[in-house]
Amino acid sequence: MIPIKSYWRLLKTYLRPYRARVVVLTTLLFSGIALQVINPQIIRIFIDRATEGTELDALLGISVVFILIAVVQQALAVVATYFAQQIGWSATNELRRDLADHLLHLDMGFHKTHTPGELVERIDGDVTALSNFFSQFVIHVVGNVALLVGVLFFLFRESVLIGTSLVLFSAATLAVMVKMQEVATDWWARVKAHKATFYGFLGEVVGSTEDIRGLGAGRFMVRRFTQITRAWLPDEVRGRWGWSILWGTNIVVFVAGTAIVFGLGSWLFETDVLTLGSVYVVFHYTEMLRHPLDRIRHQMEDMQKAAAGISRIQNLFAIESRLPHDGTEVLPSGPLSIELSDLDFSYVDDSADGDRVLHGLNLSLEAGKVLGVLGRTGSGKSTLARLLTRLYDPEGGEVRLGGVALRSADIDHVRRRVGMVTQDVQLFRATIRDNLTFFDETVSDERIWQAIAALGLTDWIESMPEGIDTVLDAGGSSLSAGEAQLLAFTRIFLEDSGLVVLDEASSRLDPVTEALIERAVDRLLQDRTGVIIAHRLDTLNRADEVLILDDGRIVEAGNRAALAADPGSQFHGLLLAGMEEVLG
Ligand code: ATP
Ligand code: MG
């Protein structure tokens, strides 16, 4: 059933800004209903007068009134639809925005376990199911019940017998429809589940076209595609079948209703209880019953969908970020010192010891220094970078930047003061400018060009067809990994970072790009603390300190020059053997 409380809370929150329009809409709908109930009375007068043989002029007058009322009623309906759509979309767009905002603030762990396609379906699909509900639900249900009562009232006035029969008829119809509805809704829920799986799959495949082609996995993907759609088909057929049955029942039931009315009507007319006009009115009202009954049924259907939507939305809102956002402290300005104390970390909740990725790391780095991090693949280097930038919170111990514990610092502030360039840089299908500023239009061209010049990239950017207005392909597929990193450096340069964490691309770079990167990194690390996860010896040359990780533990840490000079150190051995061979 519907969670009434959460339903009201949602309605109240999201409709409050549109209070005035909701009042207008309610007035429109109720006026429309009143006119709908009144108009048949005019037809009755017309028919009775006509059978009595009234003058043509009087009859013409009556028909003009009838037409006027009908026109006004239609006009009201049009305006009401406009308002309903407007309110529905405005309110649900706000809900969509709040949901998207909530999701964007959830931790990386959440995002790793949900496909983008699934989230799109949950933000957009579920909310769209609610939109009808928001604008019209209460009004329509109340309005249709009012219409139903109004119609039944007039029927009773015509004849108690007919009134009673049609009340029983309406109750029975509604009961049958609701019952069928339940079955059909269950069937439909299965269809929706298939849809979510399908779009999740599709999103992933489209996102990794290159890998799929490169690995020749296309046929497997098509097979998977077929499997999903094949599982979907029978449920889809059954779901639609359910609707057809509902629809068919509807027709049968109303034909029966009409038959009852004609039977009773002709009998009451023969026995002179009703005039011809009254029989017509009864018939007309019975036809009118079809609308509210059908709409109430429809609203039930919307309500079921909305109820599912509401509970899914509530569940989504209820997911709390594993990164609390309640810190308020700010980091000091300028380069940031780093302190790690007994840092433990695991990607899984309630982890056992075997899941640990980092084990009791201790380290301190002075502000403005550069730390080079080395280690085999899978040793936890990128994980350490994620803790430094607070993409995750440690399971034990803490990270302090500039003396402030990250957990108690304001997270938005941390995001601005700590910059990270990851192994694969995410670029958008947008101009270079938008990629650099993340669509922040307040950043002036001048500042962008300054940053580009400071990193020594002016020539490179100018060689692009349209400079900073060049549009990059989706996923940055028109740039090499190294070039993408260059853009990421510029992003950081535009922010006021005090710590730069650089996860070097492990792929080999061409000499030109490599030279550009060397220069840019040098420039970026001036007046900033740096943590460089290095895959090449050259990059390490600018490190003051070196840290070697193995299986999530620090096996060696210290001054680079001192370690290099110490024949007993692992770092020394690494330099002799060549890094690629040892770490590769
Ligand atoms: P590379 O040199 O290949 O980049 P790395 O040192 O950066 O390796 P990490 O990415 O930190 O290694 O991974 C450390 C360990 O954590 C690995 O065992 C990996 O399987 C695991 N791991 C990494 N990311 C996740 C994740 N999102 N969820 C679960 N486990 C993860
Ligand atoms: Mg890594």
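Bear in mind that the values here come from a model prediction, so they are computed numbers and not experimental data. (Residues numbered from 1 in each chain as written. Chains lettered and ligands numbered in written order. Predicted model: local features only at pLDDT ≥ 70, side-chain atom pairs only at ≥ 80, totals over all residues. Heavy atoms only, no water.)

Asks: Could you give me a rundown of the environment of Glu210, with the residues and numbers involved?
Replies: Position of Glu210 relative to the elements: it lies in helix α7 (residues 209–214). Counting along the chain gives 18 residues from Glu210 to Lys192, while the straight-line C-alpha distance between them is 29 Å. (Helix = DSSP H or I, 4+ residues; strand = E, 2+ residues; numbered from the N terminus.)

Asks: Please set out the site of ligand 1 residue by residue, giving values where relevant.
Replies: Close contacts around ligand 1 come from 14 residues, with Thr377, Gly378, Lys381, Ser382 and Thr383 the closest. Thr377 is positioned such that a nitrogen or oxygen atom in its side chain is 2.4 Å from an oxygen atom of ligand 1. Between Gly380 and ligand 1, the recorded distance is 3.0 Å, taken from a backbone N or O atom to an oxygen atom. Burial of ligand 1 by the protein chains amounts to 63% of its free accessible area of 640 Å². Considering every element that reaches the shell around ligand 1, the biggest residue donor is helix α10 (residues 381–388), with four residues. (Near = heavy atom within 4 Å. Polar contact = N/O pair within 3.5 Å; in protein donor to acceptor, adjacent residues only side chain to side chain. Areas by Shrake-Rupley, 256 points an atom, 1.4 Å probe, with all protein chains shown as cover.)

Asks: Could you give an account of the pattern of salt bridges, naming the residues involved and the relevant values?
Replies: Opposite charge on two side chains lets them pair, provided their charged atoms get close. Under the definition given, this model contains 16 salt bridges. Close ionic contact of Asp124 with Arg96 constitutes a salt bridge, the shortest N to O distance being 3.0 Å. Taken as a pair, Asp124 in helix α5 (residues 116–158) and Arg96 in helix α3 (residues 56–104) lie far apart in primary sequence, 28 residues in all. On the accessibility criterion, Asp124 (38% relative accessible area) is partly exposed. (Salt bridge = Lys/Arg side-chain N within 4 Å of Asp/Glu carboxyl O. Buried < 20%, exposed > 50% of the residue type's maximum accessible area, 1.4 Å probe, protein only.)

Asks: Break down unusual backbone geometry for me, with residues and values.
Replies: Negative phi characterises most residues that are not glycine, and trans characterises most peptide bonds. Despite not being glycine, Asp272 has its phi angle at roughly 65°, a positive value. Secondary-structure assignment places Asp272 in the loop between α8 (218–270) and α9 (276–318). Judged by its relative accessible area of 66%, Asp272 is exposed. Of note in the backbone geometry, Arg390 takes a positive phi value of approximately 55° without being a glycine. Within the secondary structure, Arg390 sits in the loop between α10 and β4 (396–401). By relative accessible area, which is 1% here, Arg390 ends up buried.

Asks: Residue-level account of the sheet that holds strand β3 (residues 370–375), with values.
Replies: Here six strands make up an open sheet; going across it, the order is β6-β7-β8-β3-β9-β10 and the pairing mixed. The sheet terminates laterally at β6 (418–421) and β10 (553–559), the two strands that pair on one side only. When strand polarity is set aside, the average angle formed by the axes of neighbouring strands in this sheet is 15°. As defined by bridge partners, β3 adjoins strand β9 (residues 545–550) across five bridges and the pair is classed as parallel. Residue pairing for β9: Val373 is matched across the bridge by Leu547. (Pairing = 2+ DSSP bridges. Axes fitted to C-alpha atoms, helices over the stretch in contact; angles between N-to-C directions.)

Asks: Explain the packing of helix α6 (residues 160–207) against α8 to me, and be specific about the residues and the numbers.
Replies: Two quantities define a packed helix pair, namely the angle between the axes and the distance from one axis to the other. At a minimum axis distance of 9 Å, the contact between α6 and α8 shows a crossing angle of 170°. Here α8 runs roughly antiparallel to α6, going by the angle between their axes. Residue composition of the contact of α6 with α8, by class: 30 nonpolar, ten polar and seven charged. (Parallel < 35°, antiparallel > 145°, perpendicular 65-115°, else oblique. Nonpolar A, V, L, I, M, F, W, Y, C, P; charged D, E, K, R; others polar.)

Asks: Just give me the short version of the coordination of the magnesium ion (ligand 2), but keep the residues and values in it.
Replies: Around the magnesium ion (ligand 2), the protein supplies Ser382 (OG) and Gln423 (OE1) as donor atoms, at distances of 1.9 to 2.6 Å. With Ser382 in helix α10 and Gln423 in the loop between β6 and α12 (432–437), this pair connects stretches of sequence that are 41 residues apart. Overall, Ser382 belongs to the buried group, its relative accessible area being 18%. (Donors = N, O, S within 2.8 Å, 3.2 Å for Na, K, Ca; no water.)

Asks: Outline the domain arrangement of the protein chain, supporting the account with residue identities and numerical values.
Replies: Taken domain by domain, the protein chain comprises domain 1 (4–318) and domain 2 (338–583). The distance between the C-alpha centroids of domain 1 and domain 2 comes to 55 Å. (Domains from an automatic or database assignment.)

Asks: Describe in detail the packing of aromatic side chains, supporting the description with residues and values.
Replies: The full count for this structure, using the stated rule, is 15 aromatic pairs. When the ring of Phe154 is compared with that of Tyr285, the centres are 5.7 Å apart and the planes differ by 20°; the resulting orientation is stacked. Note that Phe154 is positioned in helix α5 and Tyr285 in helix α9, a separation of 131 residues in sequence. For Phe154, a relative accessible area of 17% translates into the label buried. Of the aromatic side chains, those joined through ring pairs into one cluster are Phe198, Tyr199, Phe225 and Trp232. (Phe/Tyr/Trp six-rings, centres within 6.5 Å; stacked < 30°, edge-to-face > 60°.)

Asks: Run through the sheet that holds strand β5 (residues 404–405), naming residues and quoting values.
Replies: With respect to topology, four strands assemble into an open sheet ordered β2-β1-β4-β5, the strand pairing being antiparallel. Where the open sheet ends on each side, the last strands, each with one partner, are β2 (356–365) and β5. As judged from the five bridges shared by strand β1 (residues 338–346) and β4, these two strands associate in the antiparallel manner. In the strand pairing of β4, Glu339 is matched with Arg400. Packing of α10 onto the sheet brings it into contact with β1, β2 and β4, and relative to β1 it is tilted by some 120°. (Contact = heavy atoms within 4.5 Å.)

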